[in-house]
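# Residue-level structural notes
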2 protein chains.
Amino acid sequence: MTEPTPKGRPGGRTARTTQAVIDATTALLGEVAPADLTVGQIAAHAGVNAATVYRKWGTKEALLREVLLTLSAERLTTPDTGSLRGDLVATVAAVADFLRTPAGYALAVLAATAEDDTSQELRDAFWGDRFARAERIFTRAVERGELLDADDALLAYEAMIATLHFRILARRRALDADIAEQLVDLMLGGLTSRN
Amino acid sequence: MTEPTPKGRPGGRTARTTQAVIDATTALLGEVAPADLTVGQIAAHAGVNAATVYRKWGTKEALLREVLLTLSAERLTTPDTGSLRGDLVATVAAVADFLRTPAGYALAVLAATAEDDTSQELRDAFWGDRFARAERIFTRAVERGELLDADDALLAYEAMIATLHFRILARRRALDADIAEQLVDLMLGGLTSRN
């Protein structure tokens, strides 16, 4: 096997096929709404047989779930900057950047609109992972003495992510370049405590 | 005209027809997704001719816009309780109550998913009205000396409303009974100022 691994990722034929299908799905999500995307399109774009996709994932929905979780793991980093404000700005900015991409936007629409049971599992897995990452940020802040406890912190995290989704989905407005800083400073300082 | 006005609302035949169509649409939105709702269904439920609905509104989308704005005006009150916290809790709780109703939920889905130009006008009119109402709350708070300025306040309002929409649409979780108080106390006090 001297054939180069696509995009330098390690792994054998199966891992390369998986990555090709995930990459194809990500690319197509920039052009086609998730509901209109077909396994045939994805397979053709990835250069594999549709039967291979069905054998590995079973359904388009299961594939979309893996793509969502893979992109989430790759792009939605949870950096350790040394300060609560730094960690939160980096985390919220990464979500904003992701939602500005066609694939990120498509996945946000999918999360809000898909009605089947698999989609609910997808939502629970996705948000469970995201909240667990946020919790680690708040736990570190408590250890550093920046926060007394993390009780309200997850609500603040949810409110920041919610504002990003709400602005692009419900209001259909673009996200300001400094939206992460705006939100983090609001959540940390509050409205009345700065007066 | 000795015929009683339906539901005690004032106005002549035209006003009664308008109200009957709005009431029928509101009722049907509890049972049928906005995309699947037809003018024929609405007219039949209201006891009027479909031609009457088309004559007054032109399209289903224009009717849905009026229903959204009418329900918003009726149910999303902007009370003057004498304190910023009281005004915000009442305002956010009214939105949460509305989103817990089938019609409110259906309209939130509609706002997030409809793609046509009329829907964008609907969104702009709806959110423009809601933000203007919130601004009056913050202006009163500035006058009372509770806030230095209203600059960040509209972002806090957006973050609270966003969290309600996000939790029911993106996460598909129920809204806690005390979600309004949780959000208002977070926005007013912030995470770090309470330590």
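Calculation rules
Residues numbered from 1 in each chain as written. Chains lettered and ligands numbered in written order. Predicted model: local features only at pLDDT ≥ 70, side-chain atom pairs only at ≥ 80, totals over all residues. Heavy atoms only, no water. Helix = DSSP H or I, 4+ residues; strand = E, 2+ residues; numbered from the N terminus. Buried < 20%, exposed > 50% of the residue type's maximum accessible area, 1.4 Å probe, protein only. Domains from an automatic or database assignment. Contact = heavy atoms within 4.5 Å. Buried area = accessible area lost by both parts, 1.4 Å probe. Salt bridge = Lys/Arg side-chain N within 4 Å of Asp/Glu carboxyl O. Polar contact = N/O pair within 3.5 Å; in protein donor to acceptor, adjacent residues only side chain to side chain. Nonpolar A, V, L, I, M, F, W, Y, C, P; charged D, E, K, R; others polar. Axes fitted to C-alpha atoms, helices over the stretch in contact; angles between N-to-C directions. Left-handed = near helix turned anticlockwise from the far one by under 90°. Core = buried A, V, L, I, M, F, W, Y, C linked by side-chain atoms within 4.5 Å. UniProt positions renumbered as here; feature names shortened; annotations may be inferred. Least-squares fit on C-alpha atoms with pLDDT ≥ 70 in both. Phe/Tyr/Trp six-rings, centres within 6.5 Å; stacked < 30°, edge-to-face > 60°. pLDDT = per-residue confidence, 0-100.

### Re the overall build of chain A
Within chain A, the secondary structure is distributed over 9 helices and 0 strands. Traced from its N-terminal end to its C-terminal end, chain A shows the element sequence α-α-α-α-α-α-α-α-α. Summarising its shape, the C-alpha atoms of chain A cover approximately 60 × 40 × 30 Å along the three principal directions. Here chain A holds 195 residues, and 48% of them are scored as buried.

### Some thoughts on the domain arrangement of chain A
Residue and element names in this part refer to chain A. Domains assigned within chain A are domain 1 (6-58) and domain 2 (74-189). Spacing between the C-alpha centres of domain 1 and domain 2 amounts to 27 Å. On the domain 2 side, the residues contacting the 6 residues of domain 1 number 7 residues. Here domain 1 and domain 2 share an interface that buries about 470 Å² over both sides, 72% of which is from carbon and sulfur atoms. By the criterion of area lost to domain 2, the three top residues of domain 1 are Thr26, Leu29 and Pro34, representing 74% of everything that side buries. Counting across the interface, domain 1 meets domain 2 through 0 salt bridges. On the surface where domain 1 and domain 2 come into contact, there are 0 residue pairs in polar contact (both at pLDDT 80 or more). Tallied by class, the residues present in the side of domain 1 that touches domain 2 amount to 2 nonpolar, 3 polar and 1 charged.

### Focus on the packing of helix H8 (residues 153-169) of chain A against helix H9 (residues 179-189) of chain A
Residue and element names in this part refer to chain A. Axis separation between H8 and H9 bottoms out at 10 Å; the angle between their running directions is 145°. Along this stretch, H8 crosses H9, giving a crossing that reads as right-handed. Listed contacts from H9 to Ala156, Ala159, Met160, Thr163, Leu164 and Arg167 of H8 are Ile179, Leu183, Val184 and Met187. Each residue belonging to the contact of H8 with H9 can be placed in one class, and the counts come to 8 nonpolar, 1 polar and 1 charged.

### A word on the pattern of salt bridges
Inspection of the entire model under this criterion finds 18 salt bridges over all chains. Asp176 of chain A serves as the salt-bridge partner of Arg167 of chain A, at 3.4 Å between the closest nitrogen and oxygen. Note on Asp176 of chain A: relative accessible area 32%, which makes it partly exposed. Residue Glu158 of chain B is joined to Arg167 of chain A by a salt bridge in which the shortest nitrogen-to-oxygen separation is 2.7 Å. In this pair, Glu158 of chain B sits in helix H8 (residues 153-169) while Arg167 of chain A sits in helix H8, so the two residues belong to two different chains. Relative accessible area serves as the criterion here: at 2%, Glu158 of chain B is assigned to the buried category. What emerges from the salt-bridge pattern is a single network uniting Glu158 of chain A together with Arg167, Arg171 and Asp176 of chain B.

### Some points on the interface of chain B and chain A
Facing the 45 residues of chain B at the interface are 45 residues of chain A. Between chain B and chain A, roughly 3800 Å² of surface is buried when both sides are summed, and carbon and sulfur atoms account for 61% of that area. Among the residues chain B hides against chain A, the three largest losses belong to Phe166, Arg172 and Leu191 of chain B. Together they make up 18% of the total. The interface formed by chain B and chain A contains 4 salt bridges. Connecting chain B to chain A are 14 residue pairs in polar contact (both at pLDDT 80 or more). Sorting the residues of the side of chain B that touches chain A by element identifies helix H6 (102-113), helix H7 (117-144), H8 and helix H9 (179-189) of chain B as the ones contributing at least two each. Among the elements that line the side of chain B that touches chain A, the one with the most residues is H8 of chain B, at 12 residues. For the side of chain B that touches chain A, a count of residues per class yields 24 nonpolar, 10 polar and 11 charged.

### So, the nonpolar core
Formed by 134 residues in total, the largest nonpolar core has its most connected members in Phe138, Leu164 and Met187 of chain A together with Phe138, Leu164 and Met187 of chain B. Those residues within four positions of Phe138 of chain B in sequence are excluded, and the remaining contacts are Leu191 of chain A together with Leu84, Leu88, Leu147, Ala150, Ala153, Leu154 and Tyr157 of chain B.

### Notes on the UniProt feature "DNA-binding region" (unreviewed entry) in chain A
According to UniProt, the positions carrying the feature "DNA-binding region" (unreviewed entry) are residues 38-57 of chain A. Annotated as 80% helix and 0% strand, the span residues 38-57 of chain A places its first and last C-alpha atoms 13 Å apart.

### Comments concerning the relation of the copies chain B and chain A
Mapping chain B onto chain A calls for a rotation angle of 180° and an axial translation of 0.0 Å; the resulting RMSD is 0.0 Å. Taken together, the rotation and translation describe the operation of a two-fold axis. Judged by C-alpha distance, Gly190 of chain B is the residue of chain B that lies nearest the rotation axis, at 1.8 Å. Both copies present the same face, since 100% of the interface residues in chain B are matched by interface residues at the equivalent positions in chain A.

### A short note on the environment of Ser72 of chain A
As for its placement among the helices and strands, Ser72 of chain A is situated in helix H4 (residues 60-75). Here the alpha-carbon distance between Ser72 of chain A and Gly30 of chain A, two residues 42 residues apart in the chain, equals 16 Å.

### Brief notes about the packing of aromatic side chains
For the structure on display, the rule yields 6 aromatic pairs over all chains. With a centroid separation of 4.8 Å and 70° between ring planes, the pair formed by Phe126 of chain A and Trp127 of chain A is classed as edge-to-face. Phe126 of chain A gets classed as buried once you look at its relative accessible area, which sits at 6%. Taken together, the ring pairs connect Phe126 and Trp127 of chain A together with Phe166 of chain B into an aromatic cluster.

### Quick look at the confidence of the model for chain A
Chain-level pLDDT for chain A is 86 on average; 91% of the residues reach the 70-or-more range. Put simply, helix H6 (residues 102-113) of chain A is where chain A has its lowest mean pLDDT, 80, and helix H2 (residues 39-46) of chain A is where it has its highest, 96.

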